[in-house]
Amino acid sequence: MLVKLEEIEKDFTTRIEALAKEADLLNLKSEFLGKAGKLSEVLKGLRNCSPEERKVIGPKANAIKDLIQTQIHKKIEALEIDIINKKLNENAIDLGLRKGRFSSSLSGGGLHPRTLIQREIEDVFLSMGFEVLDGPHIEDDVHNFEALNIPADHPARDMQDTFWFNDPSASDGKGNLLRTHTSTIQVRGMKERKPPFRFIAPGTVFRCERTDASHEFVFNQLEGMMVGKDISISNLIYFMKTLLKEIFKKDVEVRLRPGFFPFVEPGFELDISCLICSGKGCSVCKQTGWVELLPCGMVHPNVLVAGGIDPAEYNGFAFGLGLDRLVMMKYGIDDIRHLNSGDLRFNEQFKSY
Ligand code: PHE
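None of the values given here were measured: they were computed from a predicted structure. (Residues numbered from 1 in each chain as written. Predicted model: local features only at pLDDT ≥ 70, side-chain atom pairs only at ≥ 80, totals over all residues. Heavy atoms only, no water.)

Asks: Hey, could you go over the side chain of Gln160 for me, with residue numbers and the actual values?
Replies: Among the secondary structure elements, Gln160 is positioned in the loop between helix 6 (141-144) and strand 3 (164-166). Among the polar contacts listed, one links the side chain of Gln160 to the side chain of Thr180, at a separation of 2.4 Å. Setting aside anything within four residues of it in sequence, one finds Gln160 in contact with Asn144, Phe145, Thr180, His181 and Arg207. (Helix = DSSP H or I, 4+ residues; strand = E, 2+ residues; numbered from the N terminus. Polar contact = N/O pair within 3.5 Å; in protein donor to acceptor, adjacent residues only side chain to side chain. Contact = heavy atoms within 4.5 Å.)

Shown next, in the form of structure tokens:
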């Protein structure tokens with residue numbers, strides 16, 4: 001009988017190998033374990049065995065029964081998983097991103113350092129009650145010059161080399177222009193609101209200039225304006241110092257020099273000590289140890305009038321922060337041309353959200 005049992009086991013293990021359908025497996029199971037199954041047939045003969053033989057054959061038969069049951073169960077389960085996997089593969093959508101053209105490994109995105117700083121400054125000013133305004137890149141002569149107290153033929157126009165659009169119908173052939181500063185937004189901001197008000201206006205500006213380590217012809221400024229009653233230079237200095245402290249997380253050395261801008265009177269240049277070379281002298285500070293960061297001043301009465309505001313009743317301050325310079329100082333970048341380079345190796349250094 002033992003031999004027979006072993007044959008049954010062998011028979012089963014070879015037959016199950018060949019099967020790949022659930023129904024066939026169930027048939028095989030009943031062929032061996034069913035009432036008239038092969039194993040049951042053998043066990044019927046157990047009656048004629050001696051007690052000693054039964055002690056050996058009984059457990060062996062049970063072991064084979066277990067084996068058949070678990071093997072069938074395992075194989076059916078594996079078949080079901082195969083079917084599910086096949087279905088998943090058929091309907092699969094590949095959401096993966098292939099290795100990039102520029103990067104050798106997959107990496108997450110990040111924000112440009114200018115965006116990081118701009119957001120930080122916006123937060124500081126929003127917390128001090130300022131609005132954040134925007135304006136068009138393409139402007140007309142009035143918003144870029146006239147309303148800012150820079151009439152036609154005024155020599156101050158030469159301070160800002162301008163990209164003009166051609167206009168054959170104009171006497172000088174000049175039409176609109178690419179704004180040379182964000183002060184254009186001052187004009188729009190004043191016309192649209194009544195004092196008191198305070199706003200900042202970040203944006204890209206354009207100047208027809210040669211590029212070098214500290215000059216780009218496309219760069220970014222952040223304009224600021226506050227108009228109300230009895231605004232003073234101390235208010236201006238307070239807001240500027242607060243801003244610089246927040247950005248650099250420490251007190252930064254500043255100096256005010258008189259500066260000429262037709263739209264402010266008095267006008268100042270606010271310099272900060274060069275944080276790249278700690279004031280020793282480098283290409284960014286042109287070996288002076290100081291970086292011109294922030295022209296500012298008290299709004300010229302003519303500008304208030306052009307903005308529809310009575311200078312007898314109101315006054316205010318304005319400033320134009322060089323956003324790219326500030327980025328360079330904060331992160332120790334020694335060449336402004338990196339900022340617009342689009343080089344991901346540069347951008348990837350500033351991964352913070
Ligand atoms: N608009 C000036 C410039 O770009 C900067 C400035 C703004 C100066 C506001 C004074 C006040 O040169």
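Asks: Explain the pattern of salt bridges residue by residue, including any values.
Replies: Tallying each qualifying case throughout the model produces 18 salt bridges. In this structure, Arg337 engages Asp335 in a salt bridge whose closest nitrogen and oxygen atoms are separated by 2.8 Å. The class for Arg337 is partly exposed, based on a relative accessible area of 36%. Connected through salt bridges with shared partners, the residues Asp11, Arg15, Glu31 and Lys38 form a single ionic network. (Salt bridge = Lys/Arg side-chain N within 4 Å of Asp/Glu carboxyl O. Buried < 20%, exposed > 50% of the residue type's maximum accessible area, 1.4 Å probe, protein only.)

Asks: Got a sec to walk through the sheet that holds strand 7 (residues 254-258)? Specific residues and values, please.
Replies: The 7 strands lie next to each other as 1-5-6-10-9-8-7, forming an open sheet whose pairing is mixed. Each edge of the open sheet carries a strand with a single partner, namely strand 1 (131-132) and strand 7. The strands that helix 7 (residues 184-192) touches are strand 5 (197-206), strand 6 (218-228) and strand 10 (315-322); relative to strand 5, the one it contacts most, it runs at about 145°. Together, strand 5, strand 6, strand 7, strand 8 (264-273), strand 9 (290-299) and strand 10 form the strand contacts of helix 8 (residues 233-248), whose direction differs from that of strand 8 by roughly 25°. (Pairing = 2+ DSSP bridges. Axes fitted to C-alpha atoms, helices over the stretch in contact; angles between N-to-C directions.)

Asks: Go over the site of the ligand, please, and point to the residues and values.
Replies: In the vicinity of the ligand there are 15 residues, among which His181, Ser183, Arg207, Gln221 and Glu223 approach most closely. At 2.9 Å from a nitrogen atom of the ligand is found a side-chain nitrogen or oxygen belonging to His181. Arg207 places a side-chain nitrogen or oxygen 2.8 Å from an oxygen atom of the ligand. In isolation the ligand has 330 Å² of accessible area, and contact with the protein removes 95% of it. When residues of the shell around the ligand are traced back to their parent elements, those giving at least two are strand 6, strand 9 and strand 10. At 3 residues, the largest contribution of residues to the shell around the ligand is made by strand 10. Partitioned by chemical class, the residues of the shell around the ligand number 7 nonpolar, 6 polar and 2 charged. (Near = heavy atom within 4 Å. Areas by Shrake-Rupley, 256 points an atom, 1.4 Å probe, with all protein chains shown as cover. Nonpolar A, V, L, I, M, F, W, Y, C, P; charged D, E, K, R; others polar.)

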